[in-house]
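Examining the three-dimensional arrangement
Residues per chain, in single letters:
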Amino acid sequence: MSDADVVPEGVDPTRPSPARLYDYYLGGTHNYEADRQAAEQIRRSMPDLADAAWANRGFHGRAAVWMAASQGIRQFLDLGSGLPTQNNTHQAVRRVAPDARVVYVDVDPIVAAHGAPLLAADGSTALITADVRDPDAILDHPELRRLIDFSQPVGVLMTAVVHFVADGSDPWSLVRRYMTATAPGSYLALSHLTHDRVPPQITEAGLEVYQRTASNIYARSRDEVTRFFDGLELAPAQPGGERAITFVGLWGAEDVAAADSDGSRHFYCGVARRP
């Protein structure tokens with residue numbers, strides 16, 4: 001969008017937002033000059049910024065489709081969904097499960113303003129404007145209750161969102177709260193920014209930019225990300241592989257060597273089943 005466009009209510013175009021930054025990383029147009037300048041500041045230290053974002057997005061889609069095609073999941077909760085982009089969750093899973101239902105959740109009012117592509121004409125999707133740090137408000141929301149039957153397995157998607165929750169807010173308990181609300185046989189797909197093996201100047205550049213947004217960002221180690229899956233059964237990233245977290249490019253990749261890019265290594269991820 002151009003800065004001449006009408007600014008939706010509740011949106012501050014002078015302050016970068018995580019949703020609009022991610023939109024810019026993916027080549028979207030729902031962002032402002034402040035977002036573009038902030039993103040380019042990160043790119044100067046991290047040239048593979050777009051690759052990292054697309055690797056994460058690819059994991060999101062592959063995990064959701066795997067849940068639908070291989071595990072029979074027919075209802076999805078997409079937390080921190082962000083702005084509409086290519087291959088939105090309901091579009092991806094409906095290629096293999098036409099009856100799938102999806103509830104999108106994001107706190108940024110820009111998502112609600114441009115969220116029409118997330119809403120299917122048949123009413124089988126919904127968009128809720130809410131903070132993922134308030135699980136009770138989300139889990140009790142009438143639109144979620146209309147579409148999600150918690151007596152049946154749910155696919156919970158938390159890709160590139162929990163790293164906006166500070167340690168003091170106990171993000172591990174937050175993830176556990178959502179999964180506790182689901183039925184046995186539900187799945188969690190989660191990805192998370194890491195500082196492991198990342199040059200300090202890249203980490204510092206990202207942290208400095210996100211300190212100017214509405215949400216600070218908190219990169220975490222492999223052990224810290226693995227903790228999000230405590231009590232769940234991790235699925236192997238490749239058939240017959242180790243049941244462990246991996247980098248986002250590698251999970252479910254057809255060509256593992258090609259997928260193992262530098263950008264992919266900025267995010268850990270995993271998919272796990274609630275027993």
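Being a predicted model, the structure only gives us computed values, none of them experimental. (Residues numbered from 1 in each chain as written. Predicted model: local features only at pLDDT ≥ 70, side-chain atom pairs only at ≥ 80, totals over all residues. Heavy atoms only, no water.)

Let's talk about the nonpolar core
Among the nonpolar cores identified, the biggest contains 49 residues, and Tyr25, Phe59, Met67, Phe76 and Val271 are the most heavily contacted of them. Going through the elements one at a time, helix 1 (18-25), helix 2 (33-45), helix 3 (49-71), strand 2 (101-106), helix 5 (109-113), strand 5 (187-193), helix 9 (200-210) and strand 8 (267-273) are the ones with two or more residues in this core. The element that contributes the greatest number of residues to this core is helix 3, accounting for 9 residues. Val156, Val175, Phe228 and Ile245 belong to the second largest nonpolar core, which has 39 residues in total. (Core = buried A, V, L, I, M, F, W, Y, C linked by side-chain atoms within 4.5 Å. Buried < 20%, exposed > 50% of the residue type's maximum accessible area, 1.4 Å probe, protein only. Helix = DSSP H or I, 4+ residues; strand = E, 2+ residues; numbered from the N terminus.)

Some words on the environment of Leu193
Relative to the helices and strands, Leu193 is located in strand 5. Along the primary structure Leu193 and Arg133 are separated by 60 residues, whereas in three dimensions their C-alpha atoms are 18 Å apart. The residues contacting Leu193, other than those within four sequence positions of it, are His163, Ile217, Tyr218, Ala219, Arg220, His266 and Phe267. (Contact = heavy atoms within 4.5 Å.)

Concerning the pattern of salt bridges
Close approach of charged atoms lets side chains of opposite charge pair. Under the definition given, this model contains 13 salt bridges. Salt-bridge contacts for Arg94 lead to Asp122; the nearest nitrogen and oxygen are separated by 3.7 Å. Remark: Asp122 occurs in the loop between helix 5 and strand 3 (125-129) and Arg94 occurs in the loop between helix 4 (89-93) and strand 2; sequence separation between them is 28 residues. Residue Asp122 is classed as exposed on the basis of its relative accessible area, which comes to 55%. Asp136 is the partner of Arg177 in a salt bridge, and the nearest nitrogen-oxygen pair spans 2.7 Å. With Arg177 in helix 8 (residues 171-180) and Asp136 in helix 6 (residues 135-139), this pair connects stretches of sequence that are 41 residues apart. Residue class for Arg177 comes out partly exposed when judged on its relative accessible area of 33%. (Salt bridge = Lys/Arg side-chain N within 4 Å of Asp/Glu carboxyl O.)

Observations regarding the packing of aromatic side chains
Following the criterion strictly, the structure yields 7 aromatic pairs and no others. Between Tyr22 and Tyr25, the aromatic rings sit 6.5 Å apart at their centres with planes inclined by 85°, giving edge-to-face as the arrangement. In this pair, Tyr22 and Tyr25 both sit in helix 1, 3 residues apart, roughly one turn of the helix. Assessed through its relative accessible area of 7%, Tyr25 is described here as buried. (Phe/Tyr/Trp six-rings, centres within 6.5 Å; stacked < 30°, edge-to-face > 60°.)

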